[in-house]
Amino acid sequence: MSGLLATFAHTLETTLPVFAMVFIGIGLRRIGWIDQNFVSTASALVFKATLPTLVFLSIIRADLTTAFNVKLLLFYLAATLASFGAVWFWAIRRVSKDDRGVYVQGAFRGNCGIVGLALAANLYGDYGLSAGGILLGLVIISYNVLSVVVLLAYQPGKSMSFSNTVKDVVRNPLIIAVVIAIPFAAWEVSLPQWVMTSGNYFASLTLPLALLCIGATVSLKAIRTDSGPALGASVWKMVSLPALCTLAAWLAGFEGRELGLMFLFFASPTAAASFVMVKALGGNDRMAANIIALTTLLASVTVTAGVFILQSTGLA
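Computed from a predicted structure; not experimentally measured.

1. Regarding the overall build of the protein chain
Consideration 1: Secondary structure summary: the protein chain contains 15 helices and zero strands in total.
Consideration 2: What you see for the protein chain is a C-alpha radius of gyration of 19 Å, in line with the 20 Å of a compact globule of 316 residues.
Consideration 3: Here the C-alpha coordinates of the protein chain stretch approximately 55 × 50 × 45 Å along the principal axes.
Consideration 4: Burial status across the protein chain gives 51% buried among its 316 residues.
Consideration 5: If you take every contact in the protein chain between residues at least 6 apart in sequence, the share linking residues at least 24 apart comes to 87%.
Consideration 6: Accessible area for the protein chain stands at about 14500 Å²; split by element, carbon and sulfur atoms hold 67% of it.
Consideration 7: Of the side chains in the protein chain, 19 bear a positive and 12 a negative charge, and the two mean positions are spaced by 11 Å.

2. Focus: the confidence of the model for the protein chain
Consideration 1: Looking at the protein chain, the pLDDT average stands at 90 and 95% of residues meet or exceed 70.
Consideration 2: Across the protein chain, the secondary-structure element scoring lowest on mean pLDDT is helix α11 (residues 220-225), at 69, and the one scoring highest is helix α13 (residues 256-266), at 97.

3. Examining the packing of helix α4 (residues 70-94) against helix α12 (residues 230-251)
Packed helices, taken two at a time, are described by the angle between their axes plus the distance between the axes.
Consideration 1: Remark: α4 packs on α12, axes separated minimally by 11 Å, with the N-to-C direction vectors making an angle of 135°. The angle between α4 and α12 places the two elements in the oblique class. By crossing handedness, the relation of α4 to α12 is classed as right-handed. Packed against α4, whose contacting residues are F75, A79, S83, A86, V87 and W90, the element α12 presents W236, L241, C245, A248 and A249 at the interface.
Consideration 2: A per-class count over the contact of α4 with α12 returns ten nonpolar, one polar and no charged.

What counts and what doesn't
Residues numbered from 1 in each chain as written. Predicted model: local features only at pLDDT ≥ 70, side-chain atom pairs only at ≥ 80, totals over all residues. Heavy atoms only, no water. Helix = DSSP H or I, 4+ residues; strand = E, 2+ residues; numbered from the N terminus. Rg over C-alpha atoms; globule rule 2.2 N^0.38 Å. Buried < 20%, exposed > 50% of the residue type's maximum accessible area, 1.4 Å probe, protein only. Contact = heavy atoms within 4.5 Å. Areas by Shrake-Rupley, 256 points an atom, 1.4 Å probe, with all protein chains shown as cover. Lys, Arg positive; Asp, Glu negative; His and termini not counted. Charge placed at Lys NZ, Arg CZ, Asp CG, Glu CD. pLDDT = per-residue confidence, 0-100. Axes fitted to C-alpha atoms, helices over the stretch in contact; angles between N-to-C directions. Parallel < 35°, antiparallel > 145°, perpendicular 65-115°, else oblique. Left-handed = near helix turned anticlockwise from the far one by under 90°. Nonpolar A, V, L, I, M, F, W, Y, C, P; charged D, E, K, R; others polar.

Printed below as a string of structure tokens:
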């Protein structure tokens with residue numbers, strides 16, 4: 001019994017700091033200390049500068065023989081495609097055609113770049129950041145392509161240029177950071193200590209700032225007034241898919257920090273970028289916002305429970 005309590009306490013030490021920052025963001029927005037202008041500016045700073053710096057530094061410090069795991073990358077891609085197909089098949093039978101694309105995207109597209117990476121860093125330190133950063137490159141590409149496919153399938157009269165989508169992915173600051181960092185790590189290129197120290201200062205802004213912004217964008221009012229099928233998509237995202245994909249990963253032979261890292265990415269709440277894409281294509285943006293809010297709130301419970309189960313059973 002004391003062992004389980006110790007494991008649970010360690011689990012809370014991992015997950016509570018991350019979700020506490022999200023709830024602080026909700027509180028600061030409600031009392032007016034941060035507003036939409038702050039969120040827009042801070043989010044842009046994180047996406048374009050501090051997060052790429054964090055990913056770059058974590059990868060160049062990594063042992064690529066450990067962090068660059070082809071088997072893990074291939075499994076995660078296969079699990080993502082299977083999840084995408086399963087949710088789409090479910091939605092065809094149970095969700096109205098107009099909302100189907102929004103439902104599917106919200107149910108499979110996780111916020112791995114912020115929440116997943118923050119949790120991985122808390123649980124696995126440098127390995128979580130480096131291996132998570134490399135996995136993030138695959139996530140960005142696959143999530144963007146699949147989201148475009150399913151949203152355009154149910155938005156008649158709307159179009160999105162494939163070439164523009166490819167350009168957006170190629171120019172994504174996180175993709176660029178991963179591509180540049182891997183040769184540095186492979187050739188063991190050393191940067192001056194003052195550069196590393198300055199970079200660490202700058203990168204340390206990433207997770208608290210990003211998590212505050214996530215909290216500040218959660219609309220509790222929207223959840224109360226109109227949830228609809230958003231709840232179903234949220235259950236898929238936070239319960240069904242993490243459980244099924246993590247079980248499949250364990251059956252495929254993954255364990256320890258590899259299994260834990262994939263669980264944290266599978267169990268991340270829906271990405272805020274999903275709202276932006278729905279809005280751009282004229283879809284049901286209220287439903288997209290509700291899914292983001294619901295999954296973000298659910299994550300504090302489901303992720304904590306998942307990490308506790310994995311650690312108490314010795315799997316991760």
